Amino acid sequence: MIITIEPLTGPLEGGTLVTIRGRNLGRRFSDVVNAVRIGNVKCSPLQDRYIVSEEIVCWTGDAAEEFSDVVSVNVSREGRSRSDSPMWNMVLVTNTSTIHGGFPLVYTTMCLLEVSRLPVVKFISPSTGPKAGGTKVTITGNNLNVGSDLRVLVNSTKECRDLSRTDTTITCTMPGVEITTTVRVCVQFENKSCISDNCTFTYEKNPVITSISPQKSQVSGGRIITVEGNGFLMAQNVSMVVHAIGKEQTNCKVHTDTVITCPSPAASNLTVGRKPALVDFYINGRLYADDSLFPLEHPEDAMHISKFHLEYYADPQFFTAKKEKWIKHHPGEPLTLVIHKEPDNLGLESNEYGVKIGLISCEIQIVSDKVIHCSVNESFSTSEGQLPVT
């Protein structure tokens, strides 16, 4: 009995590894060595991949034209070869079986295997990226989901990793190279010749980070750190990690070719007054370092060359003039709040403060070292009751 077959498509030139799983698929390799066919095309089993009775992996032959046909496994009863003792024939069609005498045992499946025209590659996008690698590319074409074995080679020496594909696209992650260059990208099916002679990818200089500011963060994290440099538009994703202090890396946003912003991670294991923590960035999944050392695969290898750092300080503390728990307000009247704050070492700018009463923003009018003044021009109704100030 055949239970599953995969894959269900393959190229005309053959070479597809087809895996057939089921029951009673022979008692020895000699039972199946010439037993598998896709219509009239032979599929040659591989001895080192054969699992007695349960699984056959075979290598498809070539075909003259596109077709779709059933897969059959032809073995005698009890695993004997056809010449030993032909007994009877059983054909499995979905869940129905019929028995005839005088023939070998033949298992077939109504899962059709399609031998189709050759895959076609049209273009690759993006077609440029940093030489550090990590760029996720999409290769577009037709019939790209055929066969069992797919490789995307870069200059015939390195592979594009993390492959996934559909009938019209292949996605993978480009490897790094040592110098800026344009390379040939080869899409290879079933270890045959390349089918994409005109598909190329250009490696550019790596992005450069020149500075980050501010270089201080509150313990709770979330302060927006501005990263400046160039070449950032090649970055598909950027993240920031603070060694030894930061709880987890945070995802950054690319704004322009020269500006990225990152929220600072929240701190853990913090001792106030300790030395600044080293900061690293990942661009397209590759650890940022000086260009001559780029890329490195493990963060610990680069800690000693981290160019940037953050100092962590306690979160700012805010209170009213009399430190009362509740602020009384008469409905229908405008509201102005005077919020006192304790001195801190963060050097926060006025645009980094925000005040809300419930869900309503309190517009900040004055920010000094000791106080924040804000006002709400709209009225609160009596139904809103007690509202938190944040």
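Residues numbered from 1 in each chain as written. Predicted model: local features only at pLDDT ≥ 70, side-chain atom pairs only at ≥ 80, totals over all residues. Heavy atoms only, no water.

A. Spotlight on unusual backbone geometry. With an omega of -5 degrees, the peptide bond between Glu6 and Pro7 qualifies as cis. With respect to the secondary-structure elements, Pro7 resides in the loop between β1 (2-6) and β2 (9-11). Omega for the peptide link from Ser213 to Pro214 comes to -10 degrees, which places this bond in the cis form. Following the sequence through the fold, Pro214 ends up in the loop between β20 (208-213) and β21 (216-218). Positive phi, close to 50 degrees, is recorded for Glu190, a residue that is not glycine. When you line up the elements, Glu190 lands in the loop between β18 (181-189) and β19 (200-204). (Helix = DSSP H or I, 4+ residues; strand = E, 2+ residues; numbered from the N terminus.)

B. Fine view of the environment of Pro11. Summarising the element assignment, Pro11 is placed in strand β2. For Pro11, a relative accessible area of 2% corresponds to the buried category. Here the alpha-carbon distance between Pro11 and Glu190, two residues 179 residues apart in the chain, equals 8.7 Å. (Buried < 20%, exposed > 50% of the residue type's maximum accessible area, 1.4 Å probe, protein only.)

C. The arrangement of the packing of aromatic side chains in detail. Within this structure, the stated rule accounts for 3 aromatic pairs. Aromatic pair Phe201 and Tyr203: ring centres 5.0 Å apart, planes at 75 degrees, arrangement edge-to-face. As far as burial versus exposure is concerned, Phe201 and Tyr203 are alike and both buried. Centroid distance Phe281 to Phe308: 6.1 Å. Interplanar angle 75 degrees. Geometry classified as edge-to-face. With a gap of 27 residues between them, Phe281 in strand β27 (residues 277-283) and Phe308 in strand β29 (residues 308-313) connect regions that are remote in the sequence. For Phe281, a relative accessible area of 1% corresponds to the buried category. Assessed through its relative accessible area of 8%, Phe308 is described here as buried. (Phe/Tyr/Trp six-rings, centres within 6.5 Å; stacked < 30°, edge-to-face > 60°.)

D. Looking closely at the pairing of strand β5 (residues 41-45). Covered by surrounding structure in β5 are Val41, Cys43 and Pro45 only, the residues Lys42 and Ser44 on the alternate face being uncovered. Bridge count between strand β4 (residues 36-38) and β5: 2 bridges; the pairing is antiparallel. Along β5, the bridge assignment pairs Ile38 with Val41. Where β4 folds back on β5, the antiparallel hairpin that results is connected by 2 residues, among which Gly39 adopts a positive phi of roughly 60 degrees. Here 3 bridges tie β5 to strand β6 (residues 53-60), and the two strands are oriented antiparallel to one another. (Pairing = 2+ DSSP bridges.)

E. Quick peek at the sheet that holds strand β16 (residues 161-165). Ordered in space as β11-β13-β17-β16, the 4 strands form an open sheet in which the pairing is antiparallel. The strands lining the two open edges of the sheet, one partner per strand, are β11 (120-125) and β16. Across the sheet, the mean angle separating the axes of adjacent strands is 20 degrees when strand polarity is ignored. Across 5 bridges, strand β13 (residues 136-142) lies against strand β17 (residues 169-173) in antiparallel orientation. Each bridged residue has a counterpart across the sheet, and for Thr140 the counterpart in β17 is Thr169. (Axes fitted to C-alpha atoms, helices over the stretch in contact; angles between N-to-C directions.)

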